[in-house]
Structures are given as C-alpha cells and as structure tokens.
Amino acid sequence: MNKVVISIFAFALLALGGLTAYTFSPLSKKNVVPQVNPVSLVPTENNIPINSTSSAVLDVYHNRDMAENYYTVSVPKNWKLEPNKPAGSYTFLFPNGTCTAELMDVPDNSTLELYILSQDESALKHSLSHYSRTNYQKISIDGNEIYQLTYTSITSRILSKTVRAYISGQDRAGLLTCSSAQDTFTQYSSVFDAVIKSFKWENSK
Amino acid sequence: MRQLFLFISLGVLCFGIYLWQFYDVPDSQIMINFYVSRFLAISGASSVLMNIFWSSSKKRKSEE
C-alpha cells in the first residue's frame, strides 16, 4: 500500500470525523436549519388602503428567510406580529382572530391540489374539532394559482371560520391561514381577501 | 475485484451528490440529509481516489 493511498484514507477519516463533529455540534444547527432573517421582520409602509370601503392601510412584510422562496405579504397596520416564529413564517393577531403566513413543502411526486385534498385537508379533519368544509375554489392572481379552502371548526369552544389559501410556487407553496370567530368572519372577509391577494413571490422570474 | 470496488465507490459518490443537490428534502429531514449526503460524497470520492492511486502504483511497480 503506498503512501498516497494511506494519506487519502487518513484524510477521508479526518473529514468524516470533522463532518460528524460539525453536524452534531450546537453550532451547526444555526447553519443548516434556516434561520429568521431580521430583515423579514421589519415591515415597509404601504399607504394604499386595503379596499375601497376601508381606510386602514397595509404593512408590507418582505420575507427573506429562505433562498428561492422570498415573498411579500401585506397585512393591516393594526395587526400585531407575534414574535419567535419559525423561519419563513408570520403569525398576526387581531381582535377575535389570527392570520398566519408560512411556506409549505410539497413533495415532488405530488401536485399542490392533490396534496391539499389528499393530505392537508385530511390532517385538518383529524386535528380540528367539528371540521366542516364550506367552500373550495381555485383562482388565479398574477399568474399564481391559488387554491382556497374555507371551513368552520370549533377552537377553544368557539365556532370559528377559516380561509386557507395555498399559493403555488416554484420551490415551496405559500400558505395563508386567516381565521376569526364565525360571527365576525363577514366583517373580516374582505380584509382576508386583500391579504391573500397581496401575497407575491419575489424571485419567481 | 478492483473494478467492482471502483464501480461501488462511484455509485456511492453519485448517490451522495444526488442527495446533496437534487433530492427534495422534507423540512424534518434537513439535518440528516446534510450529514448522510456529505458522508456518502466524502466516502465515495476518497474511495475512488484510493482506487486510482492504488492501481497506478501497482502499474508503476510492474513497469519497473
């Protein structure tokens, strides 16, 4: 056995040892698992009103957490952003409801619609009490296909109504889930629509 | 025998590169994919190199 082969073998062993130490050390989690980019948490102001009937203005959040999945979403300025959420996601709180924006990993061997109907909706049926679908529709905005699922369920003994919009993307799908108590849903419905329509991929071209 | 070893090494290297670059990793498996893909790539690449240098050293000896 010559020296070169022995040194390659020794180098490989060292590299594997280094890889093992790096992967399982606390430091590596920071580099391997996506982290929240502070830029994502600072909204820019948009002085355009939500819709013709409301004077409330929107804050625009530019999410820069995951490469290939940069997006913007606009929410009313008075909605409160909940801190410490995973990379790529936001949770906003407002009276009698919540709205979340997140990225969803759809397996390569499935389409978004198939995934929604076969996996995600059945998961909702199992996890939510008294789940009942009230509407399902497919719309297209700015070339993005959006699948919109509306359902009612009971959360903390309150009947709530939720609109869940899945926005197709090149890598991951965008997922907006806006929920409020059923009796206030009509009041928020146009705002939820505006939030869903505001979702845009930033690096889709 | 050496050719079989080279063939297996190339297979390991290619599989490692596939997991590293092309496999659609579910969110829950990012860490394990990071480790396994690089482990296979390093093992495969070093095995291929060892095979090449081993062969060439044998050839040199027989020429001498």
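Reference entry: report on the structure contained in this document. (Residues numbered from 1 in each chain as written. Chains lettered and ligands numbered in written order. Predicted model: local features only at pLDDT ≥ 70, side-chain atom pairs only at ≥ 80, totals over all residues. Heavy atoms only, no water.)

## Comments concerning the nonpolar core
Residues and elements named next belong to chain A.
Here is step 1: Ranked by internal contacts, the top residues of the largest apolar core, which has 28 residues, are Tyr-71, Val-73, Trp-79, Leu-176 and Phe-192.
Here is step 2: Broken down by secondary-structure element, the contributors of at least two residues to this core are β3 (71-76), β5 (90-94), β6 (97-104), β9 (158-167), β10 (173-181) and α4 (182-198).
Here is step 3: With six residues, the top contributor of residues to this core is α4.
Here is step 4: In contact with Trp-79, other than residues within four places in its own chain, are Phe-92, Leu-93, Phe-94, Cys-99, Val-191, Phe-192 and Val-195. (Core = buried A, V, L, I, M, F, W, Y, C linked by side-chain atoms within 4.5 Å. Buried < 20%, exposed > 50% of the residue type's maximum accessible area, 1.4 Å probe, protein only. Helix = DSSP H or I, 4+ residues; strand = E, 2+ residues; numbered from the N terminus. Contact = heavy atoms within 4.5 Å.)

## Quick word on the interface of chain B and chain A
Here is step 1: Of the residues lining the interface, 18 residues belong to chain B; the matching set on chain A comes to 23 residues.
Here is step 2: Taken over both partners, the interface formed by chain B and chain A buries close to 1,900 Å², and the fraction arising from carbon and sulfur atoms is 75%.
Here is step 3: When the area that chain B buries against chain A is broken down by residue, the three leading residues are Asp24(B), Met31(B) and Tyr35(B), summing to 31%.
Here is step 4: The interface formed by chain B and chain A contains zero salt bridges.
Here is step 5: At the junction of chain B and chain A, the tally comes to two residue pairs in polar contact (both at pLDDT 80 or more).
Here is step 6: Of the residues belonging to the side of chain B that touches chain A, the class tally is twelve nonpolar, three polar and three charged. (Buried area = accessible area lost by both parts, 1.4 Å probe. Salt bridge = Lys/Arg side-chain N within 4 Å of Asp/Glu carboxyl O. Polar contact = N/O pair within 3.5 Å; in protein donor to acceptor, adjacent residues only side chain to side chain. Nonpolar A, V, L, I, M, F, W, Y, C, P; charged D, E, K, R; others polar.)

## Side note on the sheet that holds β9(A)
Residue and element names in this part refer to chain A.
Here is step 1: Sheet architecture is open: seven strands sit in the order β4-β5-β6-β10-β9-β8-β7, paired in antiparallel fashion. The open sheet has two edge strands, β4 (80-81) and β7 (129-141), and neither has a second partner.
Here is step 2: In this structure, strand β8 (residues 144-155) lies alongside β9, joined through ten bridges in antiparallel fashion. Across the sheet, residue Tyr-147 finds its bridge partner in β9, namely Tyr-166.
Here is step 3: The strands touched by helix α3 (residues 112-127) are β6, β7, β8, β9 and β10; relative to β7, the strand with the most contacts, the crossing angle is about 160°.
Here is step 4: Here α4 sits on the sheet in contact with β5, β6, β7, β8, β9 and β10, set at roughly 160° to β10. (Pairing = 2+ DSSP bridges. Axes fitted to C-alpha atoms, helices over the stretch in contact; angles between N-to-C directions.)

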